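In case you want the letters, here they are:
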Amino acid sequence: MAAGPRIVDLSPFLADDSNLEIVAAELDQSFHEIGAAYLVGHGVDLNLVDKVFQTTKDFFKLPKEIKKKYAKANARGDFNGYQDIGEESLDNEPGSSFEMKECYDLEVPNPVFPEEAPEFETTSREFWDAMDNLTKIIYKLLKGILKVDEEFLIDSSYFSGDASEHTIFRVLKYPRVPEGYVFEKGTVRCAEHFDWEIITFIIQDSVGGLDMKTPDGQWIQASPVPNSIICLVGEILEVWTKGYYPAVPHRIPLTEDDERRKQDRYSVAYFVAPNDDFVVKPLEGSRFNKTDYSFTPKTYKAMYEDHVAKSRAY
Ligand SMILES: O=C(O)CCC(=O)C(=O)O
Ligand SMILES: [Fe+2]
């Protein structure tokens, strides 16, 4: 059985900076092995996480016509808004899968909140501050390994007050599938994909179903770990490290014989991304000296637009 993501306890580092190297080594191992880690002792207020899930559920309970008022119409120009079941196909091949999910995306620096759900806005903004802090913690742990200044990482990424419209907060509902439902070909909760950004934070509820693919091609279950926040390696971190940290492919399958289909599943995801003009290219760090790795430098805008164009069902 392949190893899943490690559980990395950040609390020794949060309590005392001198523990940086011990905690960083754990994160490094887990990112190298599978491109993901379960963060615990992360300092994010668990009451805030509960509130985020509550306001997420309240939003999805709104009548469909209200949610549709905020439908995402032009994802390339504006990623804000609601997507209904079947409208996004993250495997980059429109039509090859049918994703049974509803989601609402918010461009963190430039969000469009549904006015019918005022608490969704207050809670989300509080949560984004917590995600800013968590990103900075991860960067402090990574900077020595990546052999870059913390400034490089901070400058590469969105933080409150910056411009990157591609740092996205996404809330998701995977509705329960009733008995007798006729599964279309390719029906999944979420199709296989990797994330496009630097890192992603995911919090899943207790239903489970998230799978991750190891570098040797085995699928493993990333079962819910109570009070954890999953941190995924995205495409940019993969490029920076010449693949030493793989952007982990992940998916949420849906089958008739899986009991989990009888439950709604909720999750939230925070994708940390650079600005449009940020040039993505491998770092020169000596740990990442794979000579057969090649990547033609590209702006993040070019990479992002390519992914967005391929993942729309409309
Ligand atoms: O719901 C999840 O756990 C994962 C969602 C995801 O991978 C995504 O939206 O990119
Ligand atoms: Fe993802």
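Reading guide: rules and limits
Residues numbered from 1 in each chain as written. Chains lettered and ligands numbered in written order. Predicted model: local features only at pLDDT ≥ 70, side-chain atom pairs only at ≥ 80, totals over all residues. Heavy atoms only, no water. Helix = DSSP H or I, 4+ residues; strand = E, 2+ residues; numbered from the N terminus. Buried < 20%, exposed > 50% of the residue type's maximum accessible area, 1.4 Å probe, protein only. pLDDT = per-residue confidence, 0-100. Axes fitted to C-alpha atoms, helices over the stretch in contact; angles between N-to-C directions. Left-handed = near helix turned anticlockwise from the far one by under 90°. Contact = heavy atoms within 4.5 Å. Salt bridge = Lys/Arg side-chain N within 4 Å of Asp/Glu carboxyl O. Donors = N, O, S within 2.8 Å, 3.2 Å for Na, K, Ca; no water. Patch = residues over 30% accessible without salt bridge, like charges linked within 9 Å, V, L, I, M, F, W, Y side chains within 5 Å. Areas by Shrake-Rupley, 256 points an atom, 1.4 Å probe, with all protein chains shown as cover. Lys, Arg positive; Asp, Glu negative; His and termini not counted. Charge placed at Lys NZ, Arg CZ, Asp CG, Glu CD. Pairing = 2+ DSSP bridges. Phe/Tyr/Trp six-rings, centres within 6.5 Å; stacked < 30°, edge-to-face > 60°. Lys NZ or Arg CZ within 6 Å of the ring centre and 35° of its normal.

Looking at an unreviewed UniProt entry, the protein carries the name Fe2OG dioxygenase domain-containing protein, with the source organism given as Allacma fusca.

Right, let's talk about unusual backbone geometry for a bit. Residues apart from glycine generally show negative phi values, whereas peptide bonds are mostly found in trans. Despite not being glycine, lysine 147 has its phi angle at roughly 55 degrees, a positive value. Relative to the helices and strands, lysine 147 is located in the loop between helix H5 (118-146) and helix H6 (150-156). Taking relative accessible area as the criterion, lysine 147 reaches 51% and is therefore assigned exposed.

Attention now moves to the confidence of the model for the protein. Summarising the model, the protein shows a mean pLDDT of 92, and 97% of its residues fall at 70 or more. Under the prediction, the complex receives an ipTM of 0.99, its pTM being 0.95.

This part is about the packing of helix H3 (residues 46-61) against H5. In the contact formed by H3 and H5, the axes pass within 9 Å of each other and the chain directions differ by 145 degrees. When you trace H3 past H5, the crossing you get is left-handed. When H3 is examined against H5, the residues Leu48, Lys51, Val52, Thr55 and Phe59 are found in contact with a partner set consisting of Glu119, Phe120, Thr123, Glu126, Phe127 and Ala130.

Here we take up the pattern of salt bridges. In the structure shown here, the tally under the stated rule is 25 salt bridges. Across the salt bridge formed by glutamate 88 and arginine 170, the nearest N and O atoms sit 2.9 Å from each other. Within this pair, whereas glutamate 88 is found in the loop between strand S3 (81-83) and strand S4 (98-99), its partner arginine 170 is found in strand S6 (residues 168-174), the two being separated by 82 residues in sequence. The same class applies to glutamate 88 as to arginine 170, namely buried. If you follow the salt bridges from partner to partner, you end up with Lys72, Glu88, Glu99, Lys101, Asp105 and Arg170 in one network.

Binding of the iron ion (ligand 2) to the protein goes through His193 (NE2), Asp195 (OD) and His250 (NE2), at separations of 2.1 to 2.2 Å. Counting along the primary sequence, the residues that act as donors to the iron ion (ligand 2) give the motif H-x1-D-x54-H. Of this pair, aspartate 195 sits in the loop between strand S8 (190-193) and strand S9 (199-204) while histidine 250 sits in strand S13 (residues 250-252); the two residues are 55 residues apart in sequence, bridging distant segments of the chain. An identical accessibility class is assigned to aspartate 195 and histidine 250; each is buried.

Okay, a negative patch on the surface next. Taken together, the side chains of Asp149, Glu151, Asp155 and Asp162 make up a negatively charged region of the molecular surface. Note on aspartate 162: relative accessible area 37%, which makes it partly exposed.

Bringing the pairing of strand S5 (residues 102-107) into the picture now. In terms of residue burial, S5 counts as a mostly covered element, since six of its six residues are buried. Of the two faces of S5, both are covered, the one formed by Glu102, Tyr104 and Leu106 as well as the one formed by Cys103, Asp105 and Glu107. In terms of strand pairing, S3 meets S5 through three bridges, oriented antiparallel. In the strand pairing of S5, tyrosine 82 is matched with tyrosine 104. Of the pairings in the sheet, the one linking S5 to S6 comprises six bridges and is antiparallel in character. Counterpart to aspartate 105 in the pairing with S6 is arginine 170.

By the definition in use, this model includes 23 aromatic pairs. Pairing phenylalanine 59 with phenylalanine 60 gives two aromatic rings, centres 5.1 Å apart and planes at 65 degrees, and the pair type is edge-to-face. Assigned by exposure class, phenylalanine 59 and phenylalanine 60 land together as buried. Chaining the aromatic ring pairs together yields one cluster made of Phe59, Phe60, Tyr70, Tyr82, Tyr104, Phe113, Phe120, Phe127, Trp128, Phe169 and Tyr266. A cation over a ring is seen here: lysine 72 above phenylalanine 79, with NZ or CZ 3.3 Å from the ring centre. Positioned above the aromatic ring of phenylalanine 295 is the side chain of lysine 298, whose terminal nitrogen or guanidinium carbon lies 4.5 Å from the ring centre.

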